[in-house]
Amino acid sequence: DTRQDYNVAILFYAQWCRNCHAVAPTWDMIGQHLAAGTEKSKLVMGLFDCEADYEHMEACTEAGVTHYPTLQYYSLSGQQFRKFTKGGNASAQPKHTNVFGGNWQYADAVLDWLTVNQALSSWHRAGWGKRLRRLLMGGTFSHGGGGDGSSAK
C-alpha cells in the first residue's frame, strides 16, 4: 500500500466564514463514520485554510475554489497527488476531481456524495470504469486520447 492508493476529500475554508464553522463538525462526524485515515477506508479527509497565507490562496485558486465552504474529492486511483512546492511548481494533478454541488447543511447529502465517490474510485481501480465505458459507448471512448485514435464525441 502506498499513499497513491488513498483518495482525498478536502473542505476548503476561510477563518471568517460562518458557514465553514457550521459545516466543520459535520465534516468531522462523517470522517469518523467513514473511518477516514485508515487503511481500510482508503480515504483521507482534511481541512484547508485558503487564506492562511499567499501560498494557500494560490493553491485554492488553482484548485478552482471560488467560495467557502467548498468540498472537493480527489480520486487518486493510483496517481500521484499534487505536491505543492515553493514557487508554485506542482506535480501532476489527479484526473478524477469532483466538487460537491449539493447543500452542505444536509449531512446525509455530504455522506452520500463521499460514499458514491469512494465506490466509483474502487470501480476505477478494479478496471470496471474502462469496462463500463466500453460497454456503454461501444468501445468508442478513449480517456485522454489513447493510442487507438478514437476519442469521445
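Quick note: structure is the one above.
Residues numbered from 1 in each chain as written. Predicted model: local features only at pLDDT ≥ 70, side-chain atom pairs only at ≥ 80, totals over all residues. Heavy atoms only, no water.

Novice: Summarise the packing of aromatic side chains; cite the residues concerned and give the values.
Specialist: Evaluated as defined, the whole model comprises four aromatic pairs. With 5.8 Å between their ring centres and 65 degrees between their planes, Phe12 and Phe48 make a pair best called edge-to-face. Separated by 36 residues along the polypeptide, Phe12 in strand S1 (residues 7-13) and Phe48 in strand S2 (residues 43-49) bring together distant segments of the chain. Judged by relative accessible area, Phe48 falls into the partly exposed class, the value being 23%. Following the ring pairs from residue to residue traces out a cluster consisting of Tyr73, Phe100 and Trp113. Lys42 extends its terminal NZ or CZ atom over the ring of Tyr6, reaching a point 5.2 Å from the ring centre. (Phe/Tyr/Trp six-rings, centres within 6.5 Å; stacked < 30°, edge-to-face > 60°. Helix = DSSP H or I, 4+ residues; strand = E, 2+ residues; numbered from the N terminus. Buried < 20%, exposed > 50% of the residue type's maximum accessible area, 1.4 Å probe, protein only. Lys NZ or Arg CZ within 6 Å of the ring centre and 35° of its normal.)

Novice: Explain the state of the cysteines residue by residue, including any values.
Specialist: Across all of its chains, the model carries one disulfide by this definition. Two residues, Cys50 and Cys60, share a disulfide whose sulfurs are 2.0 Å apart. Disulfide Cys50 to Cys60: torsion about the S-S bond roughly -85 degrees, handedness left-handed. Here the residue Cys50 occupies a position in the loop between S2 and helix H2 (54-62), and Cys60 occupies one in helix H2, the gap between them amounting to 10 residues. Judged by its relative accessible area of 3%, Cys60 is buried. (Disulfide = S-S within 2.5 Å.)

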